[in-house]
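Observations on the three-dimensional arrangement
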Amino acid sequence: MPSFIRNPKDFFAGLLFLIISLGELYIAQDYSMGTARRMGPGYFPVVLGMILTAFALIMIFRALLGKRDVMDSFAFKPLILILGGSLLFAVMVRPIGMFPAIVVMVFLSALGSKASRPLPALLLGLGLAVGSVLAFVKGLGQPIPVLGSWFGDLNYILHLGP
Amino acid sequence: MDLFHNLAIGLGAAITPINLVYCFIGCVLGTLIGVLPGIGPAATIAMLLPITFTLKADAALIMLAGIYYGAQYGGSTTAILVNLPGEASSVVTTLDGYQMARQGRAGVALATSAIGSFFAGTVATLILAMFAPPLAAIALKFGPAEYFALMVLGLVASVVLAQGSLIKALAMIIFGLLIGIIGADVNSGLPRFTFGLPELSDRLELVAVAMGMFGLGEIITNLQHQETRGSVIGKVTGLMPGLRDLKDMSWPIVRGTIVGSILGILPGGGAMLGSFASYSIEKKMAKDPSRFGRGAIEGVAGPESANNAAAQTSFIPMLTLGIPSNVIMALMAGAMIIQGVQPGPAVMREQPELFWGLIVSMWVGNLMLVILNLPLIGIWVRLCTVPYHHLYPAIMVFCAIGVFTLNNSTFDVYIMVLFGLVGYVFTKLECEPAPMLLGMVLGPQMEEYLRRAMLLSRGDPLVFVQRPISAGLLVVTVLAMVAVAMPTIRAKRDEALKE
């Protein structure tokens, strides 16, 4: 961290907001502004984008002058396992089905905690998958494929539908 | 009397068997998630929104409301017995509640909290019933300029009362407003900020964003600060408070109820703020402030009454003006819209059964919670001890399935994952996610009111200061911002929130 950045939290927040606002203003160029009386689709977003740019610049400015502070580390392991697990659920739920998708998601995300062990995490996944099928598919009748299209007719043969 | 007539309508609607059942489910669920640390009412209400599709409007709202005030009851149980706040609003209860428990007075502490909460809930229900009709009558006279000014005030006030940097919270609001207007423009039909994705033309799904930020984002944050638990007070004996205890708790309960009711109505207020304010008031009023933090019964009675009162009165702006004052109310407004009810002053007139039924159900629910909570303490204690690494995967399953079934689309799950990342990164940078969500809900309406006000004034922006109500609201907004920006008041605010 370069030493002229006195408050990295403020600095990176400002930088992030600056990227968001400038990107937003860039996209909004294509929308017509209209007039103050008859506002076009671009009017409101452009005004917001300009305010956000101002806020971002103030934040960056303050980060260079204000109180010193430190940035805590990012928790990469839980971050990747939790988000990756949920992402895999979305990818798997249609082709492979809800049951395997939940087992995979729970197994991966449970390992994000230091207290988890692989075998209990797997068992937790199986338990939650069974519970979800009973609660959501059988109980609430939600139209979610228990086993996905990869398993062809198996879903119907086993009467796993709602 | 109109009041009694209205309450009678409400009672009739609230005690139909089906609504009683959903009120009960809401209260039990609320207590459950209140007891469990690491999952709050915002995430729970977001998780259950998809399920409420299948319910009738009144049953759905009664259940969701039960979750919010039920969580206030449950949160105190964990605070007293485990020294962990089950909810953010019971943080201060840990200070004296756990000390009481260690001195063998766990039962008295729990009873104090239940009595205080019930008293506060009853008073808040009456306040809600008394203040809602006049406010709604005023709101019916509002034009677009007034609504726009009211939203500006609501958004700004919601961050003035919160902790942390003002400018970051304001930036989060603007970011939220921008996220909110993603999708087809109402006037021209032009798709805005959709990146060519057809799924985005119908606006971002509020539930997916909320679950990402409050569900996944918080799980990751919690895992980084792996839980350290105090020793659980397993045995609870002697629920009955003595005469002396009753005397000591009565005034704090009354004061807590008043403070909580007022702070709950304010934009940005809500359960947490009420409990903090009440604790510092009780400490200031006490003859011997040094008892606080060592098991003072006033330190449990006041805040526990305040958080429950505030949880209920925070419904007032949403139900009468249509403007949610905190994230939970934003989700409640979302639930009403799902049911085809536009939150606002018209609800009371057009659907009195729904409106009054919801209000009276809060009192019925409070009664259930008192009866339910004390005998079931044993079960709640055992639940407190469920380790977090078994709990959060279950929360994730709920989030994933809930979001997927919303529109039967995997796209919404991707949105949830994306906002899980956004929520975590912003939390790391000390930017609170709540103002963003509020902005997201109000974004489309705000643009619409701005457009209409400017059209009516023929493009003259002075309309916002020429109309008295709108001008008044904007003056209050500016005063609130100036007040927070002033260093002395700022220091006091941070001190008060830290205590």
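Within each chain, residue numbers correspond to sequence positions counted from 1 in written order. Chains and ligands are labelled by the order in which they are written, letters from A for the one and numbers from 1 for the other. The predicted origin of the model limits local features to residues at a pLDDT of at least 70 and limits the giving and counting of side-chain atom pairs to 80 or more, whereas totals for whole chains, interfaces and linings rest on all residues.

**Brief notes about the overall build of chain B**
- A tally of helices and strands in chain B yields 22 helices and two strands.
- The principal-axis extents of the C-alpha atoms in chain B amount to approximately 70 × 55 × 50 Å.
- With C-beta atoms placed from the backbone, a residue is buried if 20 or more other C-beta atoms are within 10 Å of its own, exposed if 12 or fewer are, and partly exposed between those counts. Among the 499 residues that make up chain B, the fraction classed as buried is 60%.
- Across chain B, every contact between residues at least 6 apart in sequence was considered, and the portion connecting residues at least 24 apart equals 80%. Elements are defined by DSSP. Helices are runs of H or I of four residues or more, strands are runs of E of two residues or more, and each kind is numbered from the N terminus. C-beta atoms are placed from the backbone for every residue, and two residues are taken to be in contact when these atoms lie within 7 Å.

**So, the overall build of chain A**
- Each helix and strand counted, chain A has six helices and zero strands in total.
- Secondary structure elements in chain A, listed N-terminal to C-terminal, are α-α-α-α-α-α.
- Using C-alpha atoms as the atom set, the radius of gyration is obtained and then compared with a globule rule of 2.2 Å times the number of residues to the power 0.38. Relative to the globule expectation of 15 Å for 162 residues, the C-alpha radius of gyration of chain A, 24 Å, shows a markedly less compact shape.
- Seen through its principal axes, chain A has C-alpha atoms that stretch 65 × 50 × 25 Å.
- Scored against the burial criterion, the 162 residues of chain A give a buried share of 41%.
- At a minimum sequence separation of 6, the contacts of chain A that also span at least 24 residues come to 57%.

**Details of the nonpolar core**
- Joining buried Ala, Val, Leu, Ile, Met, Phe, Trp, Tyr and Cys residues through C-beta atoms within 7 Å gives a set, and that set is a nonpolar core. Grouped together as the largest cluster of nonpolar side chains are 226 residues, with contacts concentrated most on A46, F148, A210, M211, L331 and L437 of chain B.
- With 23 residues, helix 5 (residues 91-140) of chain B is the single largest residue contributor to this core.
- For this core, the domains that each give at least three residues are domain 1 (8-65) and domain 2 (76-157) of chain A.
- Not counting residues up to four positions away in its chain, the partners in contact with A46 of chain B are V207, A210, M211, F214 and L331 of chain B. By convention here, the domain bounds are inherited from an automatic or database domain assignment.

**Comments concerning the domain arrangement of chain A**
- Here chain A is partitioned into domain 1 (8-65) and domain 2 (76-157).
- The distance between the C-alpha centroids of domain 1 of chain A and domain 2 of chain A comes to 40 Å.

**Remarks on the confidence of the model for chain B**
Residues and elements named next belong to chain B.
- The quantity known as pLDDT measures the predictor's confidence residue by residue, on a range of 0 to 100. Residues at a pLDDT of 70 or more form 93% of chain B, whose mean pLDDT is 84.
- Predicted confidence in chain B is weakest over helix 22 (residues 487-498), with a mean pLDDT of 58, and strongest over helix 18 (residues 410-428), with 93.
- The complex model carries a pTM of 0.84, and its ipTM stands at 0.92.

**With respect to the packing of helix 4 (residues 57-82) of chain B against helix 5 of chain B**
Residues and elements named next belong to chain B.
- At a closest axis distance of 8 Å, the pairing of helix 4 and helix 5 adopts a crossing angle of 165 degrees. The angle between the axes of helix 4 and helix 5 places the two elements in the roughly antiparallel class. The interaxial crossing formed by helix 4 with helix 5 has left-handed handedness. Touching Y69, Q72, Y73, S76, T77, A79, I80 and L81 of helix 4 are T93, T94, G97, Y98, A101, A106, A109, L110, S113, S117 and G121, all from helix 5. Simply put, an axis is a line fit to the C-alpha atoms, just over the touching stretch for a helix, and the angle between two N-to-C directions goes from 0 to 180 degrees. Any angle that is under 35 degrees is reported as roughly parallel, and any over 145 degrees as roughly antiparallel; angles of 65 to 115 degrees are reported as roughly perpendicular and all others as oblique. For any helix crossing, the convention is left-handed if the near helix is rotated counterclockwise from the far helix by under a right angle, and right-handed if that rotation is clockwise.

**With respect to the interface of chain B and chain A**
- Between chain B and chain A, the contact holds 54 residues from the first and 55 residues from the second.
- Counting only elements with at least two residues in the side of chain B that touches chain A, the list comes to helix 7 (166-180), helix 8 (206-224), helix 17 (388-407), helix 18 and helix 19 (433-456) of chain B.
- Per-element accounting of the side of chain B that touches chain A gives the leading share, eleven residues, to helix 17 of chain B.
- Ten residues, namely Ala, Val, Leu, Ile, Met, Phe, Trp, Tyr, Cys and Pro, are considered nonpolar, four, namely Asp, Glu, Lys and Arg, are considered charged, and the remaining ones, Gly among them, are considered polar. The class makeup of the residues in the side of chain B that touches chain A is 36 nonpolar, ten polar and eight charged.

**Comments concerning the environment of A480 of chain B**
- Inspection of the secondary structure assignment puts A480 of chain B in helix 21 (residues 468-485).
- On the neighbour-count criterion, A480 of chain B (19 C-beta atoms within 10 Å) is partly exposed.

**Some remarks on helix 2 (residues 43-65) of chain A**
- Working rule for helices: expected span equals 1.5 Å times residues minus one. Along its 23 residues, helix 2 of chain A runs 34 Å from first to last C-alpha, staying within 8% of the 33 Å computed at 1.5 Å per residue.
- Buried within helix 2 of chain A are the following residues: Y43, F44, P45, L48, G49, L52, F55, A56, M59 and A63 of chain A.
- The secondary structure elements touched by the buried residues of helix 2 of chain A are helix 1 (8-28) of chain A together with helix 7, strand 2 (191-192) and helix 19 of chain B.

**Describing helix 8 of chain B**
- Compared with an ideal rise of 1.5 Å per residue, which puts 19 residues at 27 Å, helix 8 of chain B spans 26 Å between its outermost C-alpha atoms and is within 8% of the ideal.
- Along helix 8 of chain B, the largest kink reaches about 30 degrees and is centred on G212 of chain B. The angle between axes fitted to the seven-residue stretch ending at a residue and the seven-residue stretch beginning at it gives the bend at that residue.

**Details of the packing of helix 4 of chain B against helix 16 (residues 377-384) of chain B**
Residues and elements named next belong to chain B.
- Interhelical geometry of helix 4 versus helix 16 gives an angle of 70 degrees and a closest axis separation of 10 Å. Regarding the angle of helix 4 to helix 16, the classification is roughly perpendicular. Counted together, G74, T77, T78, L81 and V82 of helix 4 and I377, W380, V381 and C384 of helix 16 form the full contact between these two elements.
- Class assignment for the residues of the contact of helix 4 with helix 16 results in six nonpolar, three polar and no charged.

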